[in-house]
Amino acid sequence: AQTVTQSQPEMSVQEAETVTLSCTYDTSENNYYLFWYKQPPSRQMILVIRQEAYKQQNATENRFSVNFQKAAKSFSLKISDSQLGDTAMYFCAFMKHGGGATNKLIFGTGTLLAVQP
Amino acid sequence: DSGVTQTPKHLITATGQRVTLRCSPRSGDLSVYWYQQSLDQGLQFLIQYYNGEERAKGNILERFSAQQFPDLHSELNLSSLELGDSALYFCASSARWNTEAFFGQGTRLTVV
(Lines give C-alpha, C1' and ligand atoms only; values in the text may rest on other atoms or scores of the structure.)
Protein backbone atom coordinates (compact mmCIF):
# COMPACT_ATOMS: atom_id res chain seq x y z
CA ALA A 1 0.00 0.00 0.00
CA GLN A 2 1.09 3.53 -0.70
CA THR A 3 1.62 6.08 2.04
CA VAL A 4 2.34 9.80 1.97
CA THR A 5 4.05 11.57 4.86
CA GLN A 6 4.22 15.28 5.54
CA SER A 7 6.35 15.79 8.62
CA GLN A 8 5.77 19.53 9.03
CA PRO A 9 2.33 20.17 10.55
CA GLU A 10 2.82 23.95 10.47
CA MET A 11 5.17 26.42 8.86
CA SER A 12 5.49 30.16 8.74
CA VAL A 13 7.19 32.43 6.21
CA GLN A 14 7.54 36.16 5.72
CA GLU A 15 5.93 37.74 2.71
CA ALA A 16 8.24 37.78 -0.36
CA GLU A 17 10.49 35.05 1.08
CA THR A 18 10.90 31.46 -0.06
CA VAL A 19 9.62 28.41 1.77
CA THR A 20 9.93 24.68 1.13
CA LEU A 21 7.34 22.11 2.21
CA SER A 22 8.46 18.50 2.56
CA CYS A 23 6.76 15.32 1.47
CA THR A 24 7.93 11.74 1.36
CA TYR A 25 6.05 8.75 0.07
CA ASP A 26 6.33 5.01 0.01
CA THR A 27 5.40 2.85 -2.95
CA SER A 28 6.58 -0.15 -4.86
CA GLU A 29 5.11 1.24 -8.06
CA ASN A 30 7.33 2.62 -10.79
CA ASN A 31 4.74 4.68 -12.62
CA TYR A 32 2.76 7.22 -10.67
CA TYR A 33 1.87 10.87 -10.31
CA LEU A 34 2.50 13.24 -7.45
CA PHE A 35 0.53 16.36 -6.70
CA TRP A 36 0.45 19.32 -4.37
CA TYR A 37 -3.01 20.62 -3.51
CA LYS A 38 -3.74 23.85 -1.66
CA GLN A 39 -6.71 24.26 0.67
CA PRO A 40 -7.26 27.88 1.69
CA PRO A 41 -9.74 28.91 4.41
CA SER A 42 -12.50 28.70 1.80
CA ARG A 43 -11.98 24.86 1.98
CA GLN A 44 -11.65 24.58 -1.79
CA MET A 45 -9.06 22.01 -2.90
CA ILE A 46 -6.93 23.65 -5.57
CA LEU A 47 -4.35 21.82 -7.64
CA VAL A 48 -1.02 23.62 -7.37
CA ILE A 49 1.37 21.42 -9.31
CA ARG A 50 1.71 17.93 -10.76
CA GLN A 51 4.71 15.68 -11.43
CA GLU A 52 4.84 12.51 -13.50
CA ALA A 53 7.25 9.99 -12.02
CA TYR A 54 8.71 9.08 -15.41
CA LYS A 55 9.81 12.67 -15.98
CA GLN A 56 13.20 13.60 -14.58
CA GLN A 57 12.61 17.31 -15.00
CA ASN A 58 11.07 18.99 -11.99
CA ALA A 59 7.68 20.59 -12.58
CA THR A 60 7.29 24.36 -12.31
CA GLU A 61 4.21 26.56 -12.22
CA ASN A 62 5.04 30.24 -11.86
CA ARG A 63 6.22 30.74 -8.25
CA PHE A 64 5.74 27.07 -7.40
CA SER A 65 8.29 24.40 -8.15
CA VAL A 66 9.05 20.92 -6.92
CA ASN A 67 12.16 18.97 -6.10
CA PHE A 68 11.36 15.40 -7.11
CA GLN A 69 13.84 12.80 -5.95
CA LYS A 70 12.49 9.46 -7.15
CA ALA A 71 15.13 7.25 -5.56
CA ALA A 72 14.69 8.95 -2.23
CA LYS A 73 10.89 9.04 -2.66
CA SER A 74 10.85 12.69 -1.84
CA PHE A 75 8.66 15.40 -3.35
CA SER A 76 9.08 18.86 -1.85
CA LEU A 77 7.28 22.05 -2.86
CA LYS A 78 9.10 25.36 -3.07
CA ILE A 79 7.10 28.57 -2.99
CA SER A 80 9.07 31.61 -4.09
CA ASP A 81 8.13 35.23 -3.39
CA SER A 82 5.48 34.12 -0.90
CA GLN A 83 2.25 36.09 -0.94
CA LEU A 84 -0.43 36.52 1.69
CA GLY A 85 -2.79 34.57 -0.56
CA ASP A 86 -0.52 31.53 -0.25
CA THR A 87 -1.71 31.08 3.33
CA ALA A 88 -3.40 27.69 3.26
CA MET A 89 -3.14 24.02 4.12
CA TYR A 90 -0.98 22.21 1.58
CA PHE A 91 -1.49 18.54 0.84
CA CYS A 92 0.89 16.24 -0.95
CA ALA A 93 -0.87 13.45 -2.86
CA PHE A 94 0.04 10.25 -4.70
CA MET A 95 -1.77 8.59 -7.55
CA LYS A 96 -0.92 5.26 -9.14
CA HIS A 97 -0.63 5.13 -12.91
CA GLY A 98 -1.56 2.30 -15.21
CA GLY A 99 -4.31 0.45 -16.96
CA GLY A 100 -6.96 -0.96 -14.69
CA ALA A 101 -5.90 1.17 -11.78
CA THR A 102 -8.19 3.55 -10.09
CA ASN A 103 -6.76 7.02 -10.04
CA LYS A 104 -7.69 7.68 -6.47
CA LEU A 105 -5.54 10.13 -4.58
CA ILE A 106 -3.69 9.21 -1.42
CA PHE A 107 -3.11 12.29 0.67
CA GLY A 108 -0.62 13.25 3.32
CA THR A 109 -1.79 14.88 6.54
CA GLY A 110 -1.06 18.38 5.30
CA THR A 111 1.14 21.34 6.21
CA LEU A 112 -0.49 24.53 7.39
CA LEU A 113 1.43 27.43 5.88
CA ALA A 114 1.05 30.93 7.26
CA VAL A 115 2.48 33.84 5.27
CA GLN A 116 3.24 36.76 7.58
CA PRO A 117 3.07 40.38 6.37
CA ASP B 1 -14.31 27.80 -9.94
CA SER B 2 -13.40 24.17 -10.62
CA GLY B 3 -16.62 23.41 -12.48
CA VAL B 4 -17.60 20.72 -9.97
CA THR B 5 -20.78 21.56 -8.08
CA GLN B 6 -21.74 20.10 -4.75
CA THR B 7 -24.98 20.60 -2.89
CA PRO B 8 -25.77 21.38 -0.21
CA LYS B 9 -22.81 23.36 1.14
CA HIS B 10 -23.84 22.79 4.74
CA LEU B 11 -25.98 20.14 6.35
CA ILE B 12 -26.90 19.69 10.00
CA THR B 13 -28.76 16.58 11.00
CA ALA B 14 -29.38 14.33 13.98
CA THR B 15 -27.88 10.98 14.79
CA GLY B 16 -29.66 8.08 13.17
CA GLN B 17 -30.82 10.11 10.21
CA ARG B 18 -30.07 9.67 6.51
CA VAL B 19 -28.78 12.33 4.13
CA THR B 20 -27.94 12.58 0.45
CA LEU B 21 -25.08 14.63 -0.91
CA ARG B 22 -25.13 15.57 -4.57
CA CYS B 23 -22.34 16.21 -7.02
CA SER B 24 -22.35 17.47 -10.60
CA PRO B 25 -19.00 16.84 -12.29
CA ARG B 26 -17.29 19.12 -14.78
CA SER B 27 -18.83 19.00 -18.20
CA GLY B 28 -17.54 15.93 -20.02
CA ASP B 29 -15.86 14.31 -17.02
CA LEU B 30 -16.76 10.64 -16.69
CA SER B 31 -15.05 9.89 -13.37
CA VAL B 32 -16.44 10.99 -10.03
CA TYR B 33 -14.72 10.46 -6.70
CA TRP B 34 -15.90 10.98 -3.16
CA TYR B 35 -13.52 11.91 -0.35
CA GLN B 36 -14.07 12.48 3.34
CA GLN B 37 -12.04 15.04 5.27
CA SER B 38 -12.19 14.78 9.04
CA LEU B 39 -9.91 16.00 11.82
CA ASP B 40 -8.91 12.54 12.99
CA GLN B 41 -8.78 10.67 9.65
CA GLY B 42 -7.55 13.40 7.32
CA LEU B 43 -8.51 13.20 3.64
CA GLN B 44 -9.66 9.72 2.74
CA PHE B 45 -10.88 8.25 -0.52
CA LEU B 46 -14.34 6.73 -0.26
CA ILE B 47 -15.45 5.58 -3.70
CA GLN B 48 -15.02 6.16 -7.43
CA TYR B 49 -17.48 5.87 -10.30
CA TYR B 50 -16.63 5.87 -13.96
CA ASN B 51 -19.37 6.39 -16.52
CA GLY B 52 -22.03 5.01 -14.22
CA GLU B 53 -20.14 2.04 -12.87
CA GLU B 54 -18.37 1.64 -9.57
CA ARG B 55 -14.64 1.60 -10.24
CA ALA B 56 -13.01 1.47 -6.82
CA LYS B 57 -13.85 1.47 -3.16
CA GLY B 58 -11.80 2.91 -0.37
CA ASN B 59 -12.58 3.32 3.30
CA ILE B 60 -16.31 3.59 2.84
CA LEU B 61 -18.57 2.37 5.60
CA GLU B 62 -21.38 -0.06 4.85
CA ARG B 63 -23.82 2.61 6.03
CA PHE B 64 -22.65 4.74 3.10
CA SER B 65 -23.49 4.17 -0.54
CA ALA B 66 -23.15 6.06 -3.76
CA GLN B 67 -24.27 5.96 -7.35
CA GLN B 68 -23.65 7.76 -10.60
CA PHE B 69 -26.60 8.49 -12.84
CA PRO B 70 -26.82 8.46 -16.66
CA ASP B 71 -26.34 12.24 -16.72
CA LEU B 72 -23.10 11.59 -14.77
CA HIS B 73 -24.09 13.37 -11.60
CA SER B 74 -23.45 11.40 -8.45
CA GLU B 75 -25.04 11.06 -5.05
CA LEU B 76 -23.51 9.90 -1.79
CA ASN B 77 -26.01 8.49 0.66
CA LEU B 78 -25.12 8.40 4.34
CA SER B 79 -27.46 6.53 6.67
CA SER B 80 -27.75 5.76 10.38
CA LEU B 81 -25.57 8.77 10.95
CA GLU B 82 -23.25 8.92 13.94
CA LEU B 83 -21.46 11.85 15.55
CA GLY B 84 -18.22 10.60 14.02
CA ASP B 85 -19.60 11.02 10.52
CA SER B 86 -19.33 14.78 10.91
CA ALA B 87 -16.85 15.84 8.25
CA LEU B 88 -16.30 17.69 5.03
CA TYR B 89 -17.28 15.54 2.05
CA PHE B 90 -15.66 16.35 -1.26
CA CYS B 91 -16.60 15.29 -4.71
CA ALA B 92 -14.01 15.43 -7.47
CA SER B 93 -14.13 14.66 -11.16
CA SER B 94 -11.67 13.92 -13.92
CA ALA B 95 -11.87 13.50 -17.66
CA ARG B 96 -10.30 10.08 -17.91
CA TRP B 97 -7.94 7.86 -15.99
CA ASN B 98 -4.62 9.26 -14.92
CA THR B 99 -5.45 12.92 -15.07
CA GLU B 100 -5.73 15.29 -12.17
CA ALA B 101 -8.98 15.53 -10.31
CA PHE B 102 -10.85 18.79 -9.85
CA PHE B 103 -12.62 19.23 -6.55
CA GLY B 104 -15.94 20.73 -5.62
CA GLN B 105 -16.26 23.06 -2.66
CA GLY B 106 -17.39 20.29 -0.37
CA THR B 107 -20.40 19.63 1.82
CA ARG B 108 -19.91 20.29 5.50
CA LEU B 109 -21.92 17.65 7.39
CA THR B 110 -22.56 18.14 11.08
CA VAL B 111 -24.26 15.35 12.99
CA VAL B 112 -25.69 16.42 16.35
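Numbering of residues begins from 1 in every chain and follows the order in which that chain's sequence is written. A letter from A marks each chain and a number from 1 marks each ligand, given out in the order of writing. Where totals are concerned, whole chains, interfaces and linings use all residues; where local detail is concerned, this predicted model gives features only for residues with pLDDT of at least 70, and gives and counts side-chain atom pairs only at 80 or more. Think of the side-chain values as coming from all heavy atoms in the structure, minus any hydrogens and water.

A. Region of interest: the overall build of chain B. Secondary structure elements are taken from DSSP: a helix is a run of H or I of four residues or more, a strand is a run of E of two residues or more, and numbering for both begins at the N terminus. When helices and strands are tallied, chain B shows zero helices and eleven strands. For chain B, the C-alpha radius of gyration of 13 Å lies close to 13 Å, the compact-globule estimate for 112 residues. Looking at the 112 residues of chain B, the share that counts as buried comes to 51%. If you take every contact in chain B between residues at least 6 apart in sequence, the share linking residues at least 24 apart comes to 53%. Values of the radius of gyration come from C-alpha atoms, whereas the globule rule sets the reference at 2.2 Å times the count of residues to the power 0.38. Note on exposure labels: buried denotes an accessible area under 20% of the residue type's maximum, exposed denotes more than 50%, and partly exposed covers the range between, all computed with a 1.4 Å probe on protein chains only. Note on contacts: a residue pair qualifies if any of its non-hydrogen atoms lie within 4.5 Å across the two residues.

B. Structural view of the overall build of chain A. Of regular secondary structure, chain A possesses zero helices and twelve strands. Reading the secondary structure of chain A in the N-to-C direction produces β-β-β-β-β-β-β-β-β-β-β-β. Scaling as 2.2 N^0.38, a compact globule of 117 residues should have a C-alpha radius of gyration of about 13 Å, and chain A matches this with 14 Å. Taken along its principal axes, the extent of the C-alpha atoms in chain A is 45 × 30 × 20 Å. The burial tally for chain A puts 50% of its 117 residues in the buried class. Taking all contacts inside chain A whose residues are at least 6 apart in sequence as the whole, residues at least 24 apart take part in 56%. Accessible surface, chain A: about 5600 Å² in total, of which carbon and sulfur atoms supply 47%. A residue counts as positive if it is Lys or Arg and as negative if it is Asp or Glu; His and the chain ends are not included. The atoms used to mark charge sites are NZ of Lys, CZ of Arg, CG of Asp and CD of Glu. Between the centroid of the 10 positive side chains of chain A and the centroid of its 9 negative side chains there is a distance of 10 Å. Areas reported here follow the Shrake-Rupley algorithm with a probe of radius 1.4 Å; residue values treat only the protein chains shown as occluding.

C. Local environment of the environment of A:Tyr32. Residue and element names in this part refer to chain A. With respect to the secondary-structure elements, Tyr32 resides in strand E5 (residues 32–39). Under the relative-accessibility criterion, Tyr32 is labelled buried at 3%. Sequence separation of Tyr32 and Phe94 is 62 residues, and the distance between their C-alpha atoms is 7.2 Å. In contact with Tyr32, not counting residues within four places along its chain, are Tyr25, Thr27, Gln51, Glu52, Ala53, Phe68, Lys70, Phe94, Met95, Lys96 and His97.

D. Representation of the environment of A:Met95 within the structure. Secondary-structure assignment places A:Met95 in strand E10 (residues 88–96). In this structure, the C-alpha to C-alpha distance between A:Met95 and A:Glu52, residues 43 residues apart in sequence, is 9.7 Å.

E. Molecular detail of the interface of chain A and chain B. The interface of chain A with chain B comprises 22 residues on the first partner and 24 residues on the second. Buried surface at the junction of chain A and chain B, both sides included, amounts to about 1900 Å², of which 51% is carbon and sulfur. Accessible area, probed at 1.4 Å, shrinks when two parts are joined; the buried area is that loss added up over both. When residues of chain A are sorted by the area they lose upon contact with chain B, A:Arg43, A:Gln44 and A:Asn103 head the list and together hold 34% of the total. The rule for a salt bridge is simple: a side-chain nitrogen of Lys or Arg has to be within 4 Å of a carboxyl oxygen of Asp or Glu. Linking chain A with chain B are one salt bridge. Between A:Arg50 and B:Glu100 there is a salt bridge, and its shortest N-O distance comes to 2.2 Å. Any pair of N or O atoms that falls within 3.5 Å is considered a polar contact. Within protein, one atom must be able to donate a hydrogen and the other to accept it, and sequence-neighbouring residues count only if both atoms are side-chain atoms. Counting every contact that joins chain A to chain B gives six residue pairs in polar contact (both at pLDDT 80 or more). Going through the elements one at a time, E5, strand E6 (46–52) and E10 of chain A are the ones with two or more residues in the side of chain A that touches chain B.

F. Quick peek at the side chain of B:Thr107. Residue and element names in this part refer to chain B. Within the secondary structure, Thr107 sits in strand E11 (residues 107–111). Judged by relative accessible area, which is 0%, Thr107 ranks as buried. At 2.5 Å, the side chain of Thr107 and the backbone oxygen of Pro8 are in polar contact. Once you skip the residues sitting within four places of it in the chain, Thr107 turns out to touch Gln6, Thr7, Pro8, Lys9, Leu21, Ala87, Leu88 and Tyr89.

G. A look at the nonpolar core. Residue types Ala, Val, Leu, Ile, Met, Phe, Trp, Tyr and Cys, when buried and joined through side-chain atoms within 4.5 Å, form a set referred to as a nonpolar core. A:Tyr25, A:Trp36, A:Phe75, A:Leu77 and A:Tyr90 are the most contacted members of the largest nonpolar core, which has 26 residues in total. Of all the secondary-structure elements, those providing two or more residues to this core are strand E3 (19–21), E5, E6, strand E8 (64–69), strand E9 (74–79), E10 and strand E12 (111–116) of chain A. At four residues, the largest contribution of residues to this core is made by E10(A). What A:Leu77 contacts, discounting residues up to four positions off in sequence, is A:Val19, A:Thr20, A:Leu21, A:Trp36, A:Val48, A:Ile49, A:Phe64, A:Ser65, A:Val66 and A:Tyr90. In terms of nonpolar packing, the next biggest core, distinct from the first, is built from 21 residues, B:Leu11, B:Leu78, B:Leu81 and B:Tyr89 among them.

H. Local environment of unusual backbone geometry. Across the junction of B:Thr7 and B:Pro8, the peptide omega takes the value -10°, indicating a cis bond. Relative to the assigned elements, B:Pro8 resides in the loop between strand E1 (5–7) and strand E2 (10–13). In this model, A:Lys73 sits at a positive phi of 55°, which is unusual for a non-glycine residue. Along the polypeptide, A:Lys73 turns up in the loop between E8 and E9. Assessed through its relative accessible area of 27%, A:Lys73 is described here as partly exposed.

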